[in-house]
Amino acid sequence: MKAVFLRDLRLAFRAGGGVGLGLAFFLIVCTLVPFGVGAGGDILSRIAPGIMWVGALLACLLSLDRIFALDGEDGSLDLLATAPLPLEGVVLAKAAAHWVTTGLPLVVAAPLFGLLLHLPTPALPWLLTSLALGTPALSMLGAFGAALTVGVRRGGLLLSALVLPLYIPTLIFGAETVRLGAAGQDPATPLALLAGITLAVVAAIPFAAAAALRVNLR
Amino acid sequence: MSLWEYANPVKFMRLSGAVLPWLSAAAAVALVAGLGWGFATPPDYRQGATVKIMFVHVPAAMMAINAWMMMLVASLIWIVRRHHVSALAARAAAPVGAVMTVIALVTGAIWGQPMWGSWWEWDPRLTSFLVLFLFYVGYIALWSAVEDPDSAADLTSVLCLVGSVFALLSRYAALFWNQGLHQGASLSVRAGERMAPVYKQPLYLCMLAFFLLFLALVLARTRTEIRRRRTAALIAREARP
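Calculation rules
- Residues numbered from 1 in each chain as written.
- Chains lettered and ligands numbered in written order.
- Predicted model: local features only at pLDDT ≥ 70, side-chain atom pairs only at ≥ 80, totals over all residues.
- Helix = DSSP H or I, 4+ residues; strand = E, 2+ residues; numbered from the N terminus.
- Rg over C-alpha atoms; globule rule 2.2 N^0.38 Å.
- Contact = placed C-beta atoms within 7 Å.
- Buried ≥ 20, exposed ≤ 12 C-beta atoms within 10 Å, placed from the backbone.
- Core = buried A, V, L, I, M, F, W, Y, C linked by C-beta atoms within 7 Å.
- pLDDT = per-residue confidence, 0-100.
- Axes fitted to C-alpha atoms, helices over the stretch in contact; angles between N-to-C directions.
- Parallel < 35°, antiparallel > 145°, perpendicular 65-115°, else oblique.
- Left-handed = near helix turned anticlockwise from the far one by under 90°.
- Expected span 1.5 Å × (residues − 1).
- Bend = angle between axes of the 7 residues up to and from the residue.

1. A few points about the overall build of chain A
When its secondary structure is counted, chain A shows nine helices and zero strands. For chain A, the N- to C-terminal ordering of α and β elements is α-α-α-α-α-α-α-α-α. Against the compact-globule benchmark of 17 Å for 218 residues, chain A has a radius of gyration of 18 Å, which places it among compact chains. Along the first, second and third principal axes, the C-alpha set of chain A runs to 55 × 35 × 30 Å. Contacts in chain A between residues at least 24 apart in sequence constitute 81% of all its contacts with a sequence separation of at least 6.

Below you can see the structure in the form of structure tokens.
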């Protein structure tokens, strides 16, 4: 499992465009929004939590097809399936590698981009916490979508159509946490619900994703 | 003699072929009678004539959810017992359910414009119906994208199971996210009925009519799918030297 995880990390770092691209996309979203809605500070700081979350979600979505599609094309997925490690473990390792290369950089960079969008300072710790708790669920659900569409040629658009509805609860609770934090209220409830979703997803989705992979490798 | 016998496509075709004309006729009669009766009801003292859109809106919304439930059950049967008719029925129900969702959303918008002063509100009920529609779209798209029919049935079944959980989750998340404008249920087993009989009776008839309509459409579509499968098998046999 560790080997699969490290292999995916190495591929992402050495093949280029893996880690940086998601961040660059996030930056572009954070740059485009002020052009779209105007640079007035109060509007921006009001919508900043939502923009940050939607941006993180889209950046996550961009790199999903990397999880299984390339391995599916060159046949290494078949080798992974015949390896002693159960497919559930492969899914978990690959989703973890995806999170480290996509979700984690977003969490680290979020304060900087928050500055760009005039995110209110009290909301900042909540943004970091909610992103850190929520992005693993995004990677995991993305792995499920990628597993469903691994056999489909040009599955990118289909992948987005399948995965985005699954992201809705995570997005709602994540953005709600930051919004309550920005308003100076106690965001513990949405944060706990967000963490609950992530835990449930990490526990249950590997089985669904592995089932989908088995069908696709048949 | 059990229900599982109808997992055999030949038996299913025989039974559904015999039942379908009667079912369609019953659906047509109930639909005409229910909607006609609903149209003849007096205007509501507060909502005026717009109350009559309820006779389309409520049954369509009900069937939109029930269709997904039926797909969930059919997917489970396919996963557990590998009956092809079950998978095909789930596939056949999806577009019908999607159309029901659209009908519920559109009639709701037409009603909401004069009543709430807005075509669309980000109300939990409306939002969860929109999300349900997105799930229908994803489900249908996955069916049409995967070429091998058995793989497609497997993958969509898994998607249906996961999607059901998330559709429910989105419903509660949306409730948490925004307080609603949509009124609560007027017909409820637990809270009793809060509707005048003059509206209730045609509404029940309309619900029955939409249920029959759904059943007839799904049966017809399942028959078409089975025939399409048979044609494909015949063509494949011809192509073999």
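2. Describing the overall build of chain B
A count of helices and strands for chain B gives six helices and two strands. Principal-axis analysis of the C-alpha atoms places the extent of chain B at approximately 75 × 40 × 30 Å. Counting over 241 residues, chain B shows a buried share of 38%. The long-range share in chain B, meaning contacts at least 24 apart out of those at least 6 apart in sequence, stands at 76%.

3. Comments concerning the interface of chain B and chain A
By a widespread convention, an interface's size corresponds to the accessible area lost as its parts come together. At the junction of the two partners, chain B supplies 21 residues and chain A supplies 20 residues. For the side of chain B that touches chain A, the secondary structure elements donating two or more residues are helix 4 (124–145) and helix 5 (149–177) of chain B. Here the side of chain B that touches chain A takes twelve residues from helix 5 of chain B, the largest share from any one element.

4. Overview of the nonpolar core
Counting 143 residues, the largest nonpolar core has Leu141, Phe144, Ala147, Ala209 and Ala212 of chain A together with Ala67 and Ala93 of chain B as the members making the most contacts within it. With residues up to four places along the chain from it excluded, the contact list for Ala209 of chain A reads Val91, Ala143, Phe144 and Ala147 of chain A.

5. Re the confidence of the model for chain A
Per-residue confidence for chain A gives a mean pLDDT of 85, with 98% of residues at or over 70. The secondary structure element of chain A with the lowest average pLDDT is helix 1 (residues 2–14) of chain A, at 76, and the one with the highest is helix 7 (residues 124–148) of chain A, at 91.

6. Section: the confidence of the model for chain B
Looking at chain B as a whole, the pLDDT averages 85, with 92% of positions reaching at least 70. For this predicted complex, the interface score ipTM comes out at 0.84, alongside a pTM of 0.87.

7. A word on the packing of helix 8 (residues 156–182) of chain A against helix 5 of chain B
Relative to each other, helix 8 of chain A and helix 5 of chain B sit at 30°, their axes nearing to 9 Å. Here helix 5 of chain B runs roughly parallel to helix 8 of chain A, going by the angle between their axes. In the crossing of helix 8 of chain A with helix 5 of chain B, the sense of the turn from one axis to the other is left-handed. Here Leu162, Pro165, Leu166, Ile168, Pro169, Ile172, Phe173 and Glu176 of chain A of helix 8 of chain A lie close against helix 5 of chain B, whose contacting residues are Leu159, Phe166, Leu169, Ser170, Ala173, Ala174 and Trp177 of chain B.

8. Digging into helix 1 (residues 9–40) of chain B
Residue and element names in this part refer to chain B. Relative to the 46 Å expected for 32 residues at 1.5 Å per residue, helix 1 spans 43 Å between its end C-alpha atoms, a close match to the ideal helical length. The sharpest bend along helix 1 measures roughly 35° and falls at Leu20, with the proline Pro21 sitting one to four residues further on. The complete set of buried residues in helix 1 reads Phe12, Ala27, Gly34 and Gly38. On its buried face, helix 1 is in contact with helix 2 (54–81), helix 3 (84–116) and helix 6 (197–239).

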